[in-house]
Amino acid sequence: MAILPALARRLAASAAMSLLVALAAFTVAAGGAGTPAMAQQPQPDQGPANRLFVQAMQMIRQADNTYDIAEESRFLKEADRLLNEIVVKYPDSALAVQLVTNQFVGDFDFFEFRSRIRSLVCNEPMTSLCFLHRVAEMLPPVETPIAAARWDWLSLAVAYNTIGDTARAKEIIAPFVSAVRRGAASDGAGQDLFVARALALMGQNQLALDITRQIPECSTRIYNLADIAKAAAWRGDMALAGQLAEEAKAYATARNCSWELGLVAQTLLRAGKEGAARTLFLNTVETQFSKFRETKTDCCPPELAVAAAELGDTNLALGLLRTVQDENPWTIPAVLGRIARRSDASVALSYAEQVQDLDIRGEALAELIEAALKRGDPTSANELMKRLTRLVDDSAGRRPGLLAQKAKAEKVMYGDDRWRKSFQGSLNAADRASNFVRRDIGAPLLAALVRIETGLPMLD
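Residues numbered from 1 in each chain as written. Predicted model: local features only at pLDDT ≥ 70, side-chain atom pairs only at ≥ 80, totals over all residues. Heavy atoms only, no water.

Student: Could you give me a rundown of the confidence of the model for the protein chain, with the residues and numbers involved?
Tutor: When pLDDT is averaged along the protein chain, the result is 86, and 86% of the positions lie at 70 or above. Predicted confidence for residues 1-39 stays below pLDDT 50, and this span has 29 contacts to residues more than four positions away or in other chains. Segment residues 186-190: pLDDT under 50, and 5 contacts once partners within four positions in sequence are set aside and those in other chains are kept. (pLDDT = per-residue confidence, 0-100. Contact = heavy atoms within 4.5 Å.)

Right under this line is the structure:
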């Protein structure tokens, strides 16, 4: 019985479309002679555009009248081609203006139609492009003109670029780049950081550096340089990674940057300069502890805990982690995963089991699974996977973040496509969740998906 209202709506929409097509056809046949003034001033370029529009509406009507998914897709894509042809071939026509500005043409909503075209990727619901489309539907819309950082949408751009739809990626990121160029995002509030990082992850190093080198503030400048260097290292460009590590170190020294030196140490280490990284790190830790003893305020930045784990100092890493994890819970999986890769797996697991937040614990377990496999210890990886699966089962499929971490672990563990079922489950759980959850879950889901597709923590 639930099908009947939907079918009625579909038939009503089809009837409305038939009327629109008939009216548009009448306009074409009449040559636009609706009034004497129009008859006296014919516009010859309107006729071809109108004809293409009528053809497009006929394609949409045929799509609405079929139950065959492949046929519906074919009709809609042909309609999309015809509408784009209006814009390209007849840009001076009234129809072209209405389409590019997303105005209604009669009752035809071009913006809604474009959304329908994009949703065609979900004719194959288990593909990564469908997953991306579903995440995009969850994200709060971007306010224009852009004046605030939106890492969720920039993550979406990186994800599309990574998975292969570069046109969609450029369409998403272009307004953010434009905002930076206009100076709308140059106040040090985070926009520059996000845009430059996204560009670097999309392979646009020079543009990312151009933005970064105009930023005078320590934290954003160093974060950007570190992220651009990280992306270069992932692509195998160690020369650029080393150059940027030295640039970050020089800038931090010249500007007396403090906690940012933890990032510089990580960047030097990633560039293969372990000696310089270790020296800088130890000096930074000593300075931070001295300040802490003097001021009795917060001890140390979370970046130092991550750097300590990367350098293999387990006790210091865990000590620092305890001081920062409440305000920076992302450090827990980051630190524990690095410790486990250094063979202190039992210590890392004991710490992970004490984490109260289930999503964070699940992410930590996923990191430990990958670490175990990298150590060549599949037995431990299998036991950790059982623990993660129990967490997911106990949540009864209600925690999208936890399901995404299971999908990430399955990809590393098995190397096949069984992760797709878990990731689809995470999207389904997000669809059922509150608006509050849906608002915040987009970026973590994108981070997990890109990690699955690339094997790199690009958006973590």
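Student: Any chance you could break down helix α12 (residues 218-234) for me, citing the residues and the numbers?
Tutor: Under the 1.5 Å per step criterion, the end-to-end length of α12 is 24 Å for 17 residues, consistent within 8% with the ideal 24 Å. Burial within α12 is extensive, with 14 of its 17 residues counted as buried. The first or second residue beyond α12 is G236, which carries a positive phi of 90°. (Helix = DSSP H or I, 4+ residues; strand = E, 2+ residues; numbered from the N terminus. Expected span 1.5 Å × (residues − 1). Buried < 20%, exposed > 50% of the residue type's maximum accessible area, 1.4 Å probe, protein only.)

Student: Go over empty space enclosed by the protein, please, and point to the residues and values.
Tutor: Considering all chains together, one arrives at 2 cavities of 30 Å³ or more under this definition. Within this model, the second largest cavity holds a volume of roughly 30 Å³. Together, R197, A200, L201, D227, K230, W234 and M458 line the second largest cavity. Going through the elements one at a time, α10 (191-201) and α12 are the ones with two or more residues in the lining of the second largest cavity. Considering only residue class, the lining of the second largest cavity consists of 4 nonpolar, no polar and 3 charged. (1 Å grid on protein atoms, 1.4 Å probe; cavity = no way out; pocket = protein on both sides within 12 Å on 5 of 7 lines; lining within 4 Å. Points joined across faces, edges and corners; volume = space filled by probe spheres on them. Nonpolar A, V, L, I, M, F, W, Y, C, P; charged D, E, K, R; others polar.)

Student: For the state of the cysteines, give the residues involved together with the corresponding values.
Tutor: Per the counting criterion, the structure on display carries 2 disulfides. Here C122 connects covalently by a disulfide to C130, the sulfurs 2.1 Å from one another. The sign of the S-S torsion, about 105°, decides the handedness of the disulfide formed by C122 and C130: right-handed. On the basis of relative accessible area, C122 is assigned to the partly exposed category, the value being 23%. (Disulfide = S-S within 2.5 Å.)

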